[in-house]
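One letter stands for each residue in the lines below.
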Amino acid sequence: MMIREEVEAYAEAATTPFGAGMAALDEAARAELPFAAMLSGPVVGRLLEALVWISGARRVLELGTYAGYSAAAMAAALPEDGEVVSCELDAERAEWARAHIAGLPGAERVRIEAGPALETIAREPGPWDLVFIDADKEGYPGYVDAVLPVLAPRGVIVLDNMLRGGRVLDPADEDGRAMAALNGRLASDPALVATLLTVRDGVTLVRRA
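First, a word on scope: everything that follows refers to the structure included in this document. (Residues numbered from 1 in each chain as written. Predicted model: local features only at pLDDT ≥ 70, side-chain atom pairs only at ≥ 80, totals over all residues. Heavy atoms only, no water.)

We now examine the overall build of the protein. In terms of regular secondary structure, the protein is built from eight helices and seven strands. Here the C-alpha radius of gyration of the protein, 16 Å, is about what a compact globule of 209 residues would show, namely 17 Å. On the principal axes, the C-alpha backbone points of the protein span a range of 45 × 40 × 30 Å. Classification of the 209 residues of the protein by burial places 49% in the buried group. Counted over contacts in the protein with a minimum sequence separation of 6, partners at least 24 positions apart contribute 69%. Of the side-chain charges in the protein, 19 are positive and 32 negative, and the distance between the mean point of each set is 5 Å. (Helix = DSSP H or I, 4+ residues; strand = E, 2+ residues; numbered from the N terminus. Rg over C-alpha atoms; globule rule 2.2 N^0.38 Å. Buried < 20%, exposed > 50% of the residue type's maximum accessible area, 1.4 Å probe, protein only. Contact = heavy atoms within 4.5 Å. Lys, Arg positive; Asp, Glu negative; His and termini not counted. Charge placed at Lys NZ, Arg CZ, Asp CG, Glu CD.)

What follows is the structure in structure tokens.
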């Protein structure tokens, strides 16, 4: 995380909290799942919800379900005929997420698909109004390549963890190098417009130019 802990805590306190159901989901995930840092959290959750609401998105694709927190946040902002298709490689974790988001507002609009994300992208018809990528970091370039052809004309791609705790400045591991290269690629592509937000660990918004 790039922001000082006290500033991050202030940002969270200054963000409209989710309801009791989302708080319970967060608590359960921290208690029962590994890698609690993988949770989107309320600030990123509210950002995703706002992007869905502002864009009027109806079809949302998520790569990386984890606990289902971000999927539930986005689904709550969808219209009644909207849908979030969320891809989770781990079948047990996908089932955990299905069980724990049940009953949350908009949960009926979330469909969690277990298996490799690229396979789900290949069989699910586009176009997608919003794509949220928060899966294995080395796979990000391939995911971007896979979703760009099925992105709606005014669609947006949202990528999480684009700063890698600052390691993109002097990358010494595969994740850092992959993310630094992707940041450079997205910013220099004349067909795209990318904005890297310093929210938590970096959130990049990408649209067509």
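That covers the picture; the talk isn't over yet.
Looking now at the pairing of strand β1 (residues 59-63). With four of five residues buried, β1 is to be regarded as a mostly interior element. In terms of handedness, the path from β1 via helix α4 (residues 69-75) over to strand β2 (residues 83-88) forms a crossover that is right-handed. Inspection of the sheet shows β1 paired to strand β4 (residues 128-133) by four bridges, in the parallel sense. The partner of Glu-62 across the bridge, within β4, is Phe-132. (Right-handed = clockwise from strand over helix to strand, strands pointing away. Pairing = 2+ DSSP bridges.)

To continue, consider the pairing of β4. Burial runs high along β4: five of the six residues are buried. Considered for its hand, the β-α-β crossover made up of β4, helix α7 (residues 140-147) and strand β5 (residues 151-160) is right-handed.

This part is about the environment of Ala-209. By the secondary structure assignment, Ala-209 is in the segment after β7 (203-208). Residue Ala-209 is classed as exposed on the basis of its relative accessible area, which comes to 67%. Remark: the alpha-carbon pair of Ala-209 and Thr-65, spanning 144 residues in sequence, is separated by 29 Å.

Quick look at the packing of helix α2 (residues 20-32) against helix α5 (residues 91-101) now. Axis separation between α2 and α5 bottoms out at 10 Å; the angle between their running directions is 150°. Overall, the two elements α2 and α5 adopt an arrangement that is roughly antiparallel. Considering how the two elements wind past one another, α2 and α5 form a crossing that is right-handed. Facing α2, whose interface residues are Leu-25, Ala-28, Ala-29 and Glu-32, α5 presents Trp-96, His-100 and Ile-101. (Axes fitted to C-alpha atoms, helices over the stretch in contact; angles between N-to-C directions. Parallel < 35°, antiparallel > 145°, perpendicular 65-115°, else oblique. Left-handed = near helix turned anticlockwise from the far one by under 90°.)

Okay, the packing of α7 against helix α8 (residues 174-188) next. At a minimum axis distance of 9 Å, the contact between α7 and α8 shows a crossing angle of 35°. Across the interface between the two elements, Tyr-140, Pro-141, Val-144 and Asp-145 of α7 pack against Met-179, Leu-182, Arg-185 and Leu-186 of α8. A class-by-class count of the residues in the contact of α7 with α8 yields six nonpolar, no polar and two charged. (Nonpolar A, V, L, I, M, F, W, Y, C, P; charged D, E, K, R; others polar.)

An ideal rise of 1.5 Å per residue puts 21 Å on 15 residues; helix α3 (residues 41-55) measures up with 21 Å between its terminal C-alpha atoms. Within the sequence span of α3, burial applies to Gly-41, Pro-42, Val-43, Val-44, Gly-45, Arg-46, Leu-48, Glu-49, Leu-51 and Val-52. Taken together, the buried residues of α3 touch α1 (5-13), β1, α4, β4, β5 and β7. Phi for Gly-56, located one or two positions after α3, is positive at around 70°. (Expected span 1.5 Å × (residues − 1).)

Here α2 contains 13 residues, and its C-alpha end-to-end distance of 18 Å stays within 8% of the 18 Å for a straight helix at 1.5 Å per residue. For α2, the set of buried residues is Met-22, Leu-25, Asp-26, Ala-28 and Ala-29. Seen along its axis, α2 keeps its buried residues to an arc of 165°; they face one direction. Pointing more than 90 degrees away from the buried face of α2 are the exposed residues Ala-20, Glu-27 and Ala-31. In the core, the buried residues of α2 are packed alongside α4 and α5. (Arc of directions from axis to C-beta.)

Let us look at the side chain of Glu-62. By the element assignment, Glu-62 lies in strand β1. There is a polar contact of 2.3 Å between the side chain of Glu-62 and the side chain of Ser-70. Leave out the neighbours within four places in its chain, and Glu-62 touches Ser-70, Ala-71, Met-74, Val-84, Val-85, Ser-86, Cys-87 and Phe-132. (Polar contact = N/O pair within 3.5 Å; in protein donor to acceptor, adjacent residues only side chain to side chain.)

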